[in-house]
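# Summary of the model geometry
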Amino acid sequence: MAEIHDATITPSKVELLEAWMGDQRWYAAKGRRPRLRRLAAWRLDDPAGEVGVETIIVADEAGPETVVYQVPLTYRGEPLGSADHALVGTMDHSVLGRRWVYDAPHDPVYAAQLLELVQGRVSARSSSVSDADEPAVSGVPQGSWDREVHVRTSRVLSGEQSNTSVILDGDLPDGHHTPLIVKVFRMLSPGDNPDVVLQGALVDAGSRRVPAVVGAVAGAWPHPAADGDEPAHGHLAFCQEFLPGVEDAWRVALRAAEEGSDFSGPARDLGEATAEVHHALAEALGTEPTSHDQAASIVAEMRARFDAAVEAAPELGEVRSSVEAVHRAATDASWPALQRIHGDYHLGQVLHSAERGWILLDFEGEPLRPLSERSLPDQWVRDVAGMLRSFDYVGGTLEQVRGTSARAWVTSAQQSFLDGYAARAGDDPRRLGALLAAFELDKAMYEVVYEARNRPGWVGIPLGAVRRLTAHFSTSAPTQGDSP
């Protein structure tokens, strides 16, 4: 049990974090020094009683908008040599002496106890009262997960930005091992995280198209913008099955394109898997009709993204009339029902398993959109369009590197994907015509802005897609059945 000391700490925890957070990949206000206000904190007990484990939730007011961060820390009486790169700093504790403070996902004690919390075997503890539970934070085990797992080793997955993922090598009671991955959400927003909700709904429905889910951690914290004492609620962490030795679909598809291999079979299977997941989400979480106002609002967002893309790549102005024709036709189209979707669907979000086929990952939605928007029902055609654009990027990458056309490969993969989707869903996305084209164009506009800002030499990939898509449309609005 952790004893809370009445002690003086120099520098303070907030001061340590202000000096450290600005250099972290997940810190949003790049180039600014954090200006932090502590909102809440909670602890986990170290069974050995040697390491302090505390999660601090802070509001950062350095940028134009206040951002809430979750920062787990561990406090040690000696340096942790394997985590030198994760040292936040040192502080002097008037009772315990010198303490080394670490970014907790890199500390094996934190990783082990976080999994215990996820599985409901330990409770979150108070950061202000000794030997007391913290009722605002709780583990939420997934009902379909029935194996008790204890951490043997852990390591942080490199390369992520908005979250921190820890790979756990877990011991089962029968002596076997199982790899897990726990995702610690760094930026917090009120509301349930779609990754937790959607994957949980899918595994509960019996789907094997997503990793098995172990559970999550849910919590409450003071809302920095709220009047009164109304807290914010949301997910703090999420744990699921980790699939080692598999490749993401981007690498599989790019290798096939480089070798000139026929990808129609795998693409068709991916279309079927996508439709299967959409159907399961609709069954589990429901659908609702798309009103004309909702359709008009989505198209208005598309128009705004087109305007932003024209600013980034002025040559897009040449196709404005055709893009506007697509948008008009899409507004007046018969829209499918709204439902929960993946929201940021591309080949990098899919893994290929020799035993289970295609497996979908990361249901958090488009990371730049607010959580409140990512949690709303949307159009399944958005996911379909995202995957079509991803196949085009495989071909565009090959063309960029080798200078030879990959159009035949792209067309075959795209049409096979749509064939598979139609076969499983009983509804061919191609019948949507201008509506499908509008969502493809919308994704391409996002790509134009990204490439223009980050890789100007690659902007030709989405620009070429825009020209191909709009070549089928003139200033006269196409009919619903026109398919680019």
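This text goes with the structure placed above it.
Calculation criteria
- Residues numbered from 1 in each chain as written.
- Predicted model: local features only at pLDDT ≥ 70, side-chain atom pairs only at ≥ 80, totals over all residues.
- Heavy atoms only, no water.
- Helix = DSSP H or I, 4+ residues; strand = E, 2+ residues; numbered from the N terminus.
- Rg over C-alpha atoms; globule rule 2.2 N^0.38 Å.
- Contact = heavy atoms within 4.5 Å.
- Lys, Arg positive; Asp, Glu negative; His and termini not counted.
- Charge placed at Lys NZ, Arg CZ, Asp CG, Glu CD.
- Buried < 20%, exposed > 50% of the residue type's maximum accessible area, 1.4 Å probe, protein only.
- Axes fitted to C-alpha atoms, helices over the stretch in contact; angles between N-to-C directions.
- Parallel < 35°, antiparallel > 145°, perpendicular 65-115°, else oblique.
- Left-handed = near helix turned anticlockwise from the far one by under 90°.
- Nonpolar A, V, L, I, M, F, W, Y, C, P; charged D, E, K, R; others polar.
- Pairing = 2+ DSSP bridges.
- Salt bridge = Lys/Arg side-chain N within 4 Å of Asp/Glu carboxyl O.

Here we come to the overall build of the protein. Along the protein, the regular secondary structure elements total twelve helices and 19 strands. Computed over its C-alpha atoms, the radius of gyration of the protein comes to 24 Å, within 12% of the 23 Å expected for a compact globule of 484 residues. Viewed in the frame of its principal axes, the protein has a C-alpha envelope of about 75 × 50 × 45 Å. The contacts of the protein with a sequence gap of at least 6 include a subset with a gap of at least 24, amounting to 67%. Taking the average location of the 44 positive side-chain charges in the protein and that of its 70 negative ones, the two points are 4 Å from each other.

With that settled, consider helix 1 (residues 13-20). Residue pairs three or four apart in sequence face the same way in an α-helix, which turns once every 3.6 residues. Of all the residues in helix 1, the buried ones are K13, L16, L17, E18 and W20. Structurally, helix 1 contributes buried residues whose contacts are with strand 1 (9-10), strand 2 (36-44), strand 3 (52-60), strand 4 (67-76), strand 5 (87-93) and strand 6 (97-103).

Running from N to C, helix 5 (residues 264-285) and helix 9 (residues 380-402) point in directions that differ by 160°, and their axes come no closer than 11 Å. The angle between the axes of helix 5 and helix 9 places the two elements in the roughly antiparallel class. Our pair here, helix 5 against helix 9, has a crossing hand that is right-handed. Packed against helix 5, whose contacting residues are A267, L270 and H278, the element helix 9 presents W380, D383, M387 and F391 at the interface. Of the residues contributing to the contact of helix 5 with helix 9, the split by class is five nonpolar, one polar and one charged.

Moving on: the pairing of strand 9 (residues 150-156). Pairing of strand 9 with strand 10 (residues 163-171) involves six bridges; the strand directions are antiparallel. Of the residues in strand 10, the one forming a bridge with R155 is I167. Linking two consecutive strands that pair antiparallel, namely strand 9 and strand 10, is a turn of six residues; a positive phi of about 95° is found at G159 within it.

Moving on to the pattern of salt bridges. The final tally for this structure, using the stated rule, is 38 salt bridges. The closest approach of N and O atoms between E373 and R369, which form a salt bridge, is 3.4 Å. Looking at E373, the relative accessible area reads 33%, which means it is partly exposed. For R369, a relative accessible area of 21% gives the class partly exposed. A salt bridge links D419 to R430, with the shortest nitrogen-to-oxygen separation between them at 2.6 Å. On the criterion of sequence distance, the pair formed by D419 in helix 10 (residues 407-425) and R430 in the loop between helix 10 and helix 11 (434-454) is long-range, its members being eleven residues apart. By sharing partners, the salt bridges in this structure join E301, R305, R369, E373, D378, R382 and D442 into a single network.

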